[in-house]
Amino acid sequence: MTRTVRTPAGSRPALAAALVLVLAAGASAAWAGQDWYAAAHDESAGYAVQRDEALAAGEQAVQNLNTLDHRRVEQGIDLWETSTTGELHKQLVEGREEFTGQVRTARTVTTARVLSGAVTELDDRAGRARLLVALRITVTTADSKSSDKDSRMLGELTRTNGGWKLSALGQAPVGGSAAG
């Protein structure tokens, strides 16, 4: 003898509604997963990460190269050298002894604070970037007098095995002068 199970007439719409909700939740999860995957593998997201890493490293390196205390000049110049690569690094290494003597004789303390910065060019494939950094540089002399100077600097960065490093640094030209 077989038994037939009968369901009440009102339960079929509830079953159908539950099925629709399960299908809608599954579709929503699939759509969110696809969006997450697309965002995680988007080239522009990777480019933005490289830009942000270059900017952070560049700002720190520019600040490092504009900060030096005569009482700890060797440590300061060591930091300069670890912040640089290429021709700029070579110039710092070659001029180290002479510059160390000048700073000790002058007995100055120079500190820099980054006001703002921006990556102006980024070639992620070649591992090169350019940036513009605005700084406030404070120089304190041996007689404890200090002066502030705002400065804009242009830097070039090269990606190395140790991360982004400054390969060139110079003053940014100030507007208002005509090229002739």
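To be clear, the structure that these remarks concern was listed above.
Read on for a plain summary of the structure.

So, how was this worked out
Residues numbered from 1 in each chain as written. Predicted model: local features only at pLDDT ≥ 70, side-chain atom pairs only at ≥ 80, totals over all residues. Heavy atoms only, no water. Axes fitted to C-alpha atoms, helices over the stretch in contact; angles between N-to-C directions. Helix = DSSP H or I, 4+ residues; strand = E, 2+ residues; numbered from the N terminus. Parallel < 35°, antiparallel > 145°, perpendicular 65-115°, else oblique. Left-handed = near helix turned anticlockwise from the far one by under 90°. Contact = heavy atoms within 4.5 Å. Nonpolar A, V, L, I, M, F, W, Y, C, P; charged D, E, K, R; others polar. Pairing = 2+ DSSP bridges.

**Describing the packing of helix H3 (residues 73-82) against helix H4 (residues 86-106)**
In the contact formed by H3 and H4, the axes pass within 10 Å of each other and the chain directions differ by 160°. One way to sum up the angle between H3 and H4 is to call them roughly antiparallel. Note on packing geometry: the crossing formed by H3 with H4 is right-handed. Contacts from Val73, Glu74, Ile77, Asp78, Trp80 and Glu81 of H3 reach H4 at His89, Leu92, Val93, Arg96, Phe99, Thr100, Val103 and Arg104. The residue inventory of the contact of H3 with H4, partitioned by class, reads seven nonpolar, two polar and five charged.

**Topic: the sheet that holds strand E5 (residues 163-171)**
Strand order across the open sheet formed by five strands is E1-E2-E3-E4-E5, with antiparallel pairing between neighbours. Each of the sheet's edge strands pairs with one partner strand only, and the pair in question is strand E1 (68-69) and E5. Pairing between strand E4 (residues 146-160) and E5: eight bridges, direction antiparallel. Paired with Leu154 across the two strands is Gly170, which belongs to E5.

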